Structures are given as structure tokens and as C-alpha cells.
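Residues per chain are reported as follows:
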Amino acid sequence: MKSLCQDIRSYAHLAKACRVISIFVGGGTPSTLTAFQMQQIFSAVRDTFVVEENAEITVEMNPGTVDREKRFPVIKNCGINRLSIGLQSTKIRELQILGRIHTYEEFLETYHMARAEGFENINVDLMSAIPGQSLTDWEENLKISGRACPGTHFCI
């Protein structure tokens, strides 16, 4: 974490000339970071860059790593206003093939917690062409997740 924050701050000589309108924290599972670690990252970003007041700030989440009491208040306090939740599939067999640590039910719990916490801008990641996945399976994933998450953006 210390090295990451140092790296962010190393751009200070260039950063003040830029206005940041979008931040995406992803790759891996940033939802496993502690509250302190998440705050450290965003302190380094805000100390270094001019972040627009209405910037879209996204963090990826794995439904298997979300704890309402620990995650959502920290996420909001860091200024995060968009979530990208990695559902990947509604089918347990496909989730197991992918090595995912969550179920569809855990995804739904995470999604509804995020909505209850006031997050309106939510992206749901789905995967296609999973080994053994038929066209019917893919269509069912789209239909099920679309019904469960109306008004949500899907990233395929």
C-alpha cells in the first residue's frame, strides 16, 4: 500500500495540470481492501490530482467479499459513486467453473445492500463463452439478471 500511494504521489508534478473526471479501481478484488487501505488510496489520489466534484468514481466488487458494515460506509466516504459488481453468471455450475467464491444469492444480497445504501449507478459484469455454456444458458443469465436488476448497466 505504501508503494502504491508513493507511485500515485510521484505524478504530482504533472497532475495539477489535469482534471480527473473518472476513476476506476479494479483488477483483482479491491473490495477486499480494508477501510484504512481504501482511504489511503483515495487520500493519495486527492492530494495529487484535481478530481472534479462530479467525477464518476468506480470500484469493482466481488459479491463474496462484501460486508455491509465495513464496506459501504467506507466506499461512500471515499467519494465512490459507482459500483461494478462481478456477478459473471447466475448459474452455480458456471460460477464454480470460473472459480468464483460467491453464489447468485450472495450477488443479489450485495446488489440490494448497495441499492439500500443509496448507490444508483451500478454496473453488473456478466461473462459469456464460459466453458460448457450453451446459448440457452447465456440467454437465461441475461434474462434472470435483467429482471433482478432493473435499470442497471450490464458489462459483458
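Above this text you will find the structure in question.
Quick caveat, the model's predicted, so the values are computed rather than measured. (Residues numbered from 1 in each chain as written. Predicted model: local features only at pLDDT ≥ 70, side-chain atom pairs only at ≥ 80, totals over all residues. Heavy atoms only, no water.)

Some words on the sheet that holds strand 5 (residues 153-155)
Turning to step 1, where the next piece is worked out: What the 5 strands build is an open sheet, ordered 1-2-3-4-5; its pairing is parallel. The open sheet has two free edges, formed respectively by strand 1 (19-25) and strand 5, since each of these has just one partner strand. Taking the axes of each pair of neighbouring strands and ignoring which way they run, one obtains an average angle of 20° across the sheet.
Turning to step 2, where the next piece is worked out: The sheet contacts of helix 3 (residues 35-48) involve strand 1 and strand 2 (50-61), and relative to strand 2 the element is tilted by about 150°.
Turning to step 3, where the next piece is worked out: Set on the sheet, helix 6 (residues 104-116) makes contact with strand 3 (82-88) and strand 4 (121-126); between it and strand 3 the angle comes to about 170°. (Pairing = 2+ DSSP bridges. Helix = DSSP H or I, 4+ residues; strand = E, 2+ residues; numbered from the N terminus. Axes fitted to C-alpha atoms, helices over the stretch in contact; angles between N-to-C directions. Contact = heavy atoms within 4.5 Å.)

Notes on the side chain of Thr 48
Turning to step 1, where the next piece is worked out: Within the secondary structure, Thr 48 is located in helix 3.
Turning to step 2, where the next piece is worked out: For Thr 48, the side chain forms a polar contact with the main-chain oxygen of Ala 44, separated by 2.7 Å.
Turning to step 3, where the next piece is worked out: Each residue touching Thr 48, except ones within four places of it in the same chain, is listed here: Ile 8, Arg 9, Tyr 11, Ala 12, Ala 15 and Lys 16. (Polar contact = N/O pair within 3.5 Å; in protein donor to acceptor, adjacent residues only side chain to side chain.)

With respect to the nonpolar core
For soluble globular proteins, the rule of thumb is that nonpolar side chains tend to be buried together.
Turning to step 1, where the next piece is worked out: Membership of the largest hydrophobic core comes to 37 residues, with the highest contact counts inside it found for Phe 42, Ile 80 and Leu 83.
Turning to step 2, where the next piece is worked out: Apart from residues lying up to four places away in sequence, Ile 80 is in contact with Met 38, Phe 42, Ile 57, Thr 58, Val 59, Ile 75 and Phe 119. (Core = buried A, V, L, I, M, F, W, Y, C linked by side-chain atoms within 4.5 Å. Buried < 20%, exposed > 50% of the residue type's maximum accessible area, 1.4 Å probe, protein only.)

Focus on the packing of helix 1 (residues 2-9) against helix 3
Turning to step 1, where the next piece is worked out: Between helix 1 and helix 3, the least distance of the axes is 9 Å, while the angle of their chain directions is 15°. Comparing their axes, helix 3 and helix 1 come out roughly parallel. Pair helix 1 / helix 3 crosses with right-handed handedness. Contact with helix 1, carried on its side by Leu 4, Cys 5, Ile 8 and Arg 9, involves Gln 40, Ile 41, Ser 43, Ala 44, Val 45, Asp 47 and Thr 48 of helix 3 and no other residues of that element.
Turning to step 2, where the next piece is worked out: Looking at side-chain class alone, the contact of helix 1 with helix 3 contains 6 nonpolar, 3 polar and 2 charged residues. (Parallel < 35°, antiparallel > 145°, perpendicular 65-115°, else oblique. Left-handed = near helix turned anticlockwise from the far one by under 90°. Nonpolar A, V, L, I, M, F, W, Y, C, P; charged D, E, K, R; others polar.)

Quick word on the side chain of Ser 31
Turning to step 1, where the next piece is worked out: Its place among the elements puts Ser 31 in the loop between strand 1 and helix 3.
Turning to step 2, where the next piece is worked out: Within the structure, the side chain of Ser 31 is placed 3.2 Å from the backbone nitrogen of Asn 62, a separation counted as a polar contact.
Turning to step 3, where the next piece is worked out: A distance of 2.5 Å separates the side chain of Ser 31 from the side chain of Thr 65, its partner in a polar contact.
Turning to step 4, where the next piece is worked out: Beyond its immediate chain neighbours, meaning those up to four positions away, Ser 31 contacts Glu 60, Met 61, Asn 62, Thr 65 and Arg 71.

Read these as layout, nothing more, since geometry by itself doesn't imply function.
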